[in-house]
Amino acid sequence: MKNANKENVSDDIKKVTIRNIVILMEKIIFLIVIVFVVSKYFFEFARIDNNGMEPYLNDGDIALVYKKNKSYSVGDVVTFKLDNKRYVLRIAAKEGQTISVSDTGLLLIDGWPEENENGQKTYVDESTFDKYPYRIAQGQVFLLNDNRYEDNDSRAFGTIDVKSITGKITSLVRTRNI
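Residues numbered from 1 in each chain as written. Predicted model: local features only at pLDDT ≥ 70, side-chain atom pairs only at ≥ 80, totals over all residues. Heavy atoms only, no water.

Details of the overall build of the protein
Then, number 1: On a plain count of helices and strands, the protein comes out with 2 helices and 11 strands.
Then, number 2: Counting from the amino terminus, the protein carries its helices and strands in the arrangement α-β-β-β-β-β-β-β-β-β-α-β-β.
Then, number 3: In the protein, buried positions account for 34% of the 178 residues.
Then, number 4: Carbon and sulfur atoms provide 56% of the accessible area of the protein, an area that totals close to 11,400 Å². (Helix = DSSP H or I, 4+ residues; strand = E, 2+ residues; numbered from the N terminus. Buried < 20%, exposed > 50% of the residue type's maximum accessible area, 1.4 Å probe, protein only. Areas by Shrake-Rupley, 256 points an atom, 1.4 Å probe, with all protein chains shown as cover.)

Put into structure tokens, the structure is as follows:
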């Protein structure tokens, strides 16, 4: 009789263990599905691979990008792809605003000098003066690096369509120097 009880207890333990493993696997699968849905439709991570957005973002930083935002303001830091390359830039001007250049090469937005939070003035290469002045078309934005010495932004490739923006930087994980 004692052997039968031991076998029943052993069988019960096996059943409980198997049941716990199945429950754990269900939870893991559910978690994987949630992570996939969130990363596919809501958030993604973007690695910063240059110093164009210094001091806000630096080479090696990882930023969290919110992908569902479709309403952007001047000052927002956004991501977009151009020629299969990801860019992270700040919106400097939106549709209806006028971009021009002063006699000294200073970039002007609606007649006012454009400068970043650090007081860096924004200059334009003389070879591109003929592009200015122009009014930003509907559905377009003018993007600039925070580090104004890096000119791989709208000064080089012009305005971009708001629809090509893939998301807005919402938070930052600093990974350099770790």
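Points about the packing of aromatic side chains
Working definition: an aromatic ring pair is given by the centre-to-centre distance plus the angle between the planes.
Then, number 1: Under the defined criterion, the tally for this structure stands at 4 aromatic pairs.
Then, number 2: When the ring of Phe80 is compared with that of Tyr87, the centres are 5.2 Å apart and the planes differ by 15 degrees; the resulting orientation is stacked. Here Phe80 and Tyr87 have matching classes, each one buried.
Then, number 3: The ring of Tyr87 carries the charged tip of Lys85 above its face, separated from the ring centre by 4.6 Å. (Phe/Tyr/Trp six-rings, centres within 6.5 Å; stacked < 30°, edge-to-face > 60°. Lys NZ or Arg CZ within 6 Å of the ring centre and 35° of its normal.)

Digging into a nonpolar patch on the surface
Then, number 1: A surface patch of nonpolar side chains, amounting to about 820 Å² of accessible area, comprises Ile29, Phe30, Val33, Ile34, Phe36, Val37, Val38, Tyr41 and Phe42.
Then, number 2: Looking at the element boundaries, Phe30 is found in helix H1 (residues 2–41). (Patch = residues over 30% accessible without salt bridge, like charges linked within 9 Å, V, L, I, M, F, W, Y side chains within 5 Å. Salt bridge = Lys/Arg side-chain N within 4 Å of Asp/Glu carboxyl O.)

Some thoughts on the pairing of strand E5 (residues 98–101)
Then, number 1: Where E5 lies against strand E8 (residues 134–135), 2 bridges are found, and the strand directions are antiparallel. By the bridge assignment, Ile99 is partnered in E8 with Tyr134.
Then, number 2: Sheet analysis places E5 next to strand E6 (residues 107–109), joined by 3 bridges and oriented antiparallel. Residue pairing in the sheet places Ile99 in a bridge with Ile109 of E6.
Then, number 3: Counting the residues in the hairpin turn of E5 and E6 gives 5 residues, including Gly105, whose phi is positive at 90 degrees. (Pairing = 2+ DSSP bridges.)

Some remarks on the sheet that holds strand E2 (residues 62–66)
The pairing of strands in a sheet happens through backbone hydrogen bonds and is either parallel or antiparallel.
Then, number 1: Ordered by their spatial adjacency, 7 strands build an open sheet running E1-E2-E11-E3-E4-E9-E10, and the pairing between neighbours is antiparallel. Of all strands in the sheet, those bounded by a partner on one side alone are strand E1 (43–47) and strand E10 (160–161).

Structural notes on the pairing of strand E3 (residues 77–82)
Then, number 1: Alignment of E3 against strand E4 (residues 85–94), held across 6 bridges, turns out to be antiparallel. Counterpart to Val78 in the pairing with E4 is Leu89.
Then, number 2: Sheet topology note: the E3/strand E11 (residues 165–173) ladder contains 3 bridges and is antiparallel. Counted as the bridge partner of Thr79 is Gly167 from E11.

Some points on unusual backbone geometry
Then, number 1: Its identity as a non-glycine residue notwithstanding, Asp83 has a phi of 55 degrees, on the positive side.
Then, number 2: Structurally, Asp83 can be placed in the loop between E3 and E4.
Then, number 3: Looking at Asp83, the relative accessible area reads 74%, which means it is exposed.
Then, number 4: Of note, Asn84 is a non-glycine position whose phi angle comes to about 60 degrees, a positive value.
Then, number 5: Following the sequence through the fold, Asn84 ends up in the loop between E3 and E4.

Comments concerning the sheet that holds E8
Then, number 1: Strand order in this open sheet of 4 strands is E7-E6-E5-E8, and the pairing throughout is antiparallel. Sheet topology places strand E7 (112–113) and E8 at the edges, where each strand pairs with a single neighbour.

A word on the environment of Thr159
Then, number 1: Structurally, Thr159 is set in the loop between helix H2 (154–157) and E10.
Then, number 2: The contacts of Thr159, once residues within four sequence positions are left out, are Tyr134, Ile136, Gln140, Val141, Phe142 and Ser154.
Then, number 3: Polar side-chain contacts of Thr159 include one of 3.0 Å to the side chain of Gln140. (Contact = heavy atoms within 4.5 Å. Polar contact = N/O pair within 3.5 Å; in protein donor to acceptor, adjacent residues only side chain to side chain.)

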